[in-house]
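# Architecture at a glance
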Amino acid sequence: MANELDETNAPVREEGRDVNVIEKQLNPTGHKSALVLEIILFVLGIIPGLIFLICKVHAGKYLSQLQQKIQHDASQIDNYLEQRVVILENTAALVNKAVNLDKETFTEIARLRAGAPSDAGRNELNSAIENVSSKINVALENYPDLKSHQEIAQAMQQNSYLQREITAAREVYNDTVNQWNRAIYEWPCKCLVAHQRGYTTRIPFTASKEVKEKARSVFF
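The structure contained in this document is the topic of the report that follows. (Residues numbered from 1 in each chain as written. Predicted model: local features only at pLDDT ≥ 70, side-chain atom pairs only at ≥ 80, totals over all residues. Heavy atoms only, no water.)

To continue, consider the overall build of the protein. A count of helical and extended segments in the protein gives seven helices and zero strands. Its helices and strands in sequence order give the protein the pattern α-α-α-α-α-α-α, from N to C terminus. Put simply, the protein has 220 residues, and 34% of those count as buried. Of all intrachain contacts in the protein linking residues separated by at least 6 positions in sequence, the fraction that spans at least 24 positions is 78%. Summing over all exposed atoms, the protein offers an accessible surface of approximately 14500 Å²; the carbon and sulfur share of this is 55%. (Helix = DSSP H or I, 4+ residues; strand = E, 2+ residues; numbered from the N terminus. Buried < 20%, exposed > 50% of the residue type's maximum accessible area, 1.4 Å probe, protein only. Contact = heavy atoms within 4.5 Å. Areas by Shrake-Rupley, 256 points an atom, 1.4 Å probe, with all protein chains shown as cover.)

Time to look at a nonpolar patch on the surface. On the surface, Phe42, Ile46, Ile47, Leu50, Ile51, Leu53 and Val57 cluster together to form a nonpolar patch covering roughly 650 Å² of accessible area. At six residues, helix 2 (residues 46–98) tops the list of elements feeding residues into the nonpolar patch. Structurally, Leu53 is set in helix 2. (Patch = residues over 30% accessible without salt bridge, like charges linked within 9 Å, V, L, I, M, F, W, Y side chains within 5 Å. Salt bridge = Lys/Arg side-chain N within 4 Å of Asp/Glu carboxyl O.)

Now for helix 6 (residues 189–197). Those residues of helix 6 that sit buried are Cys189, Lys190, Cys191, Leu192, Val193 and Ala194. Downstream of helix 6 by one or two residues, Gly198 has phi in the positive range, about 75 degrees.

Direction vectors running N to C along helix 4 (residues 122–142) and helix 5 (residues 150–183) enclose 155 degrees, while the axes themselves pass 13 Å from each other. The angle between helix 4 and helix 5 falls in the class roughly antiparallel. Note that helix 4 runs across helix 5; the crossing there is left-handed. On the side of helix 4, the interface is formed by Arg122, Asn126, Glu130, Ser133, Ile136, Asn137 and Leu140, while helix 5 contributes Ile152, Met156, Asn159, Gln163, Ile166, Arg170 and Tyr173. Its residues assigned to classes, the contact of helix 4 with helix 5 comprises six nonpolar, five polar and three charged. (Axes fitted to C-alpha atoms, helices over the stretch in contact; angles between N-to-C directions. Parallel < 35°, antiparallel > 145°, perpendicular 65-115°, else oblique. Left-handed = near helix turned anticlockwise from the far one by under 90°. Nonpolar A, V, L, I, M, F, W, Y, C, P; charged D, E, K, R; others polar.)

Below, the structure written as structure tokens:
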């Protein structure tokens, strides 16, 4: 029997293919057959029905705990994002003392500090922070002597460190979201509890359009 996927002879897409995260939350399936199973078990006897009920309780507890972990992981991202905004604010002030930085940069930073983001707004906040960071970097490129100032150099180093921490925190968050998205489809108990509580899949943290385009740029 020939290989279904033949990497040497099968047709390939030479132009490549880009992928994107779909911004869509799905309702778990399989709950109808799980509900039928629950009814059948109670018809067969009180003990099978009670066993299924206990399993549902454990499933509900698991999903509740997993939901709290998602909140914790999201909070970690928010903490790093907030710290990065503060660092960029300090850096912008230092740069502004030496050169006249665009006033819109300070307006944008003030807007970024206005409250914690929601799940839907976390990607937008990260994109806006990247935009502010890019504006400061442009100013430093125009005035390379500023990079030798110790305070500015330290601030940019902290900004770079927080950027890496955000990336790591996003990985943890996305792993937990993936765990959640798989769990609410587990038949029979978890998918039934998820349906009864109105749970849906969650959308992982994604890179913005600007960041993706920048990643394809030629740096050297």
